[in-house]
Amino acid sequence: MAEREIHEIHYSDALFARSNEFAKGLYPEGSSYHSDLSIAFFIKAWVVIENDSVLARVVAYENPAIPLEIGENATKKVLLLGNYECINALDVSQELFKTVWKFATTTGYGKVIGPMCGSTWDNYRFKITGNRPFLGEAINREYYVQQWISAGFSVAASYHSFMDRDVLFEASALLMREKELMEKGVCFKPIDVNDYENALRKIYEFNALAFSQNEFFTSIALEDFVAKYQKIKSLIDPFWVEMVEAPDGQLVGYLLAYEDKFDPKNETVVLKTVARLSGRDYRGLGLVLARRLNEKAIQRNKKQVIHAYMHQKNPSLHCSETMNGNAFATYQLFELSLHTNPLK
C-alpha cells in the first residue's frame, strides 16, 4: 500500500497544476467553480498525494494589512488559508491541517483565518446554505465546513445573499431623496466603458475610503485591481453599473450589478456592490441606487434582484432588508487561535 505524502510546493510547480485539475474534478462539469490565486500574498501550498492521486490541497497566504493577533506573550502574525479542496475524508483533511499547524506555530503565526485567498478581493468564505449558484458566486463542497470545524475552527463572520422579488417596491420617500440629491448637483451616470481604466481608478480610490472600516477589508495594488476588472470587462453592461459624482466630479457612490446568466429563465439581476461615502450629505444614497436598479430591472423584464454577499454587520444589509429581500444563501468565514494547540 502506497504511503500518503504531503508535498510543500510553489504555485509554479507541476504538482500545483495537477491540484487545480483535481479541484475542478470535485465539481460537476459546467459548474460555476472557480478558484483565485493571489500571487501577491502567496507563501506556499500543500498537496496531499496517495497512489499518485491528489487527495487535498490548501494554499497559505500572508497579508501584511490583516491586523496582528495579540497572544499571551507576543504579537503574532495571521495566516490566511485559501484554495482549499479535499475529498470527503476527515482523516485526509486533519492530516493536512496538522502539517499547516506545524508550519504556522514554528514561524510566528498566532491565528488562522479562512477560507481567504489572500484578501477579500479574491475568493473567501464557504457557502453554508442556499439555492442554485448565481453568476459570480464561489462554490464549495458542502462537507468542507465540517472538516474545518473538526480541525478546531469557529465562525469569524457570517454573510448573506438576499433575493428581492418585489421589484415594484413602493419608494416615494426614496424618489424624494433622489430629487434632493440631484438638486444639490449630485449626478447619476452609467460607467464609461470607453474610458474604463479611468473609471476603475476612481472606483479604486473610492473603495479605499468607503470600505476602510469594513471587517477584514484590505487594499490591493491599483494594478492588481485594474487587472482583475479588466478580465470581466466583457460582462460589464453600463446599463447595470451606475456611478454617482458630486458637483466637483468626485465619486461619492456607485452600484455594480449584472444579469445572472445562470438563471435559465433570464429573470434575475445580481447586485454585487452598492456603496456611498459616509456622512449626512449622502444619507440614503445606497437605497436610492438600489431603487434605481429595481426600476431598471422592470425595464428589462427582470423579476428579481439578488443582493449578494451582505456582511451581517454591513450597512448594505439594511439596504437589502429595506428593499424586502429574503435570505437566499448564507456564507461563513472561519478563524482559529493557534494558542489552543489544535489537533494535538
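As shown above, the structure is provided for reference.
These remarks concern the structure in this document. (Residues numbered from 1 in each chain as written. Predicted model: local features only at pLDDT ≥ 70, side-chain atom pairs only at ≥ 80, totals over all residues. Heavy atoms only, no water.)

1. Quick look at the state of the cysteines
To keep it simple, the criterion reads: Criterion for a disulfide: a pair of cysteine sulfur atoms within 2.5 Å.
Taken as a whole and assessed by the stated rule, the structure comprises zero disulfides. With no disulfide of its own, C117 lies 16 Å from the sulfur of C86, the closest cysteine sulfur.

2. A closer look at the environment of K179
Keep this limit in mind: Secondary structure counts use DSSP, requiring at least four H or I residues in a row for a helix and at least two E residues in a row for a strand, with both numbered from the N terminus. Throughout this description, buried means an accessible area under 20% of the type-specific maximum (1.4 Å probe, protein chains only), exposed means over 50%, and partly exposed covers the range between.
Looking at where K179 falls in the secondary structure, it is placed in helix α4 (residues 172-183). Under the relative-accessibility criterion, K179 is labelled exposed at 54%. For K179 and V288, which are 109 residues apart along the polypeptide, the C-alpha to C-alpha distance reads 9.9 Å.

3. Description of the packing of helix α5 (residues 196-210) against helix α6 (residues 222-230)
To keep it simple, the criterion reads: For helices, the fitted line uses only the C-alpha atoms of the stretch in contact; every axis is such a line through C-alpha atoms, and the angle between N-to-C directions lies from 0 to 180 degrees. The scheme is simple: roughly parallel for angles under 35 degrees, roughly antiparallel for over 145, roughly perpendicular for 65 to 115, oblique for anything else. Crossing handedness is read from the near helix: turned anticlockwise from the far helix by less than a right angle, it gives a left-handed crossing, and turned clockwise, a right-handed one. Residues are treated as being in contact if the distance between any of their heavy atoms lies within 4.5 Å. Charged residues are taken to be Asp, Glu, Lys and Arg, nonpolar residues to be Ala, Val, Leu, Ile, Met, Phe, Trp, Tyr, Cys and Pro, and polar residues to be all remaining types, Gly included.
Where α5 meets α6, the closest approach of the two axes is 10 Å, and the angle between their N-to-C directions is 125 degrees. When the interaxial angle is binned, α5 and α6 end up oblique. The hand of the α5/α6 crossing is right-handed. Across from Y196, E197, L200, R201, I203, Y204 and N207 in α5, the residues of α6 making contact are L222, F225, V226, Y229 and Q230. Taken together, the residues of the contact of α5 with α6 sort by class into eight nonpolar, two polar and two charged.

4. Things to note about the pairing of strand β12 (residues 268-276)
What counts is decided by this rule: Pairing between two strands is assigned when DSSP locates at least 2 bridges connecting them. Handedness rule for crossovers: strands pointing away from the viewer, path from the first strand over the helix to the second running clockwise, crossover right-handed.
β12 sits mainly inside the fold: seven of its nine residues count as buried. The pairing of strand β11 (residues 251-259) with β12 spans seven bridges and is antiparallel. Looking at β12, one finds that A257 is bridged to L271. Bridge count for β12 against strand β13 (residues 304-311) is four bridges, and the pairing is parallel. Looking across to β13, one finds that T268 is bridged to Q304. Each parallel crossover has a hand, and the one from β12 via helix α7 (residues 285-299) to β13 is right-handed.

5. Considerations on unusual backbone geometry
The omega torsion of the bond from G114 to P115 falls at -5 degrees, within 30 degrees of zero and hence cis. Position of P115 among the secondary structure elements: in the loop between β6 (109-114) and β7 (126-130). Of note, R125 is a non-glycine position whose phi angle comes to about 85 degrees, a positive value. Positive phi values are uncommon outside glycine, yet F216 reaches one of about 75 degrees. Tracing the backbone through its elements, the reader meets F216 in the loop between α5 and α6. A relative accessible area of 14% places F216 in the buried class.

6. Side note on α6
In an α-helix, one turn spans 3.6 residues, which is why side chains three or four residues apart end up on the same side. This is how it is decided: Think of it as the arc spanned by the lines of direction from the helix axis to the C-beta atoms.
The complete set of buried residues in α6 reads F225, V226 and Y229. Buried residues along α6 cover an arc of 95 degrees about the axis, so they all sit on one side. Packing partners of the buried residues in α6 comprise α5, β11 and β12.

7. Some remarks on the packing of aromatic side chains
Test applied: Working definition: a ring pair exists when centres of Phe, Tyr or Trp rings (six-membered ring for Trp) sit within 6.5 Å. Plane angles under 30 degrees give stacked, over 60 give edge-to-face, the rest tilted.
Per the counting criterion, the structure on display carries 29 aromatic pairs. Between the aromatic rings of W101 and F153, the centroid separation amounts to 5.7 Å while the plane-to-plane angle is 55 degrees, which identifies the pairing as tilted. Linking W101 in helix α2 (residues 90-105) with F153 in the loop between α3 (144-150) and β8 (154-164), this pair joins segments that are 52 residues apart in sequence. Pair check on accessibility: W101 and F153 agree, each one buried. With a centroid separation of 6.0 Å and an interplanar angle of 70 degrees, the aromatic rings of W121 and F217 are classed as edge-to-face.

8. A word on the side chain of T273
Mapped onto the fold, T273 is located in strand β12. With near-sequence residues (within four places) excluded, T273 lies in contact with F211, Y254, L255 and L256.

9. Examining the pattern of salt bridges
Our working rule: Salt bridges are defined by distance alone: a side-chain nitrogen of Lys or Arg within 4 Å of a carboxyl oxygen of Asp or Glu.
Counted by the stated rule, this structure contains 25 salt bridges. A salt bridge links E267 to K303, with the nearest nitrogen and oxygen atoms 3.5 Å apart. Taken as a pair, E267 in the loop between β11 and β12 and K303 in the loop between α7 and β13 lie far apart in primary sequence, 36 residues in all. Overall, K303 belongs to the partly exposed group, its relative accessible area being 49%.

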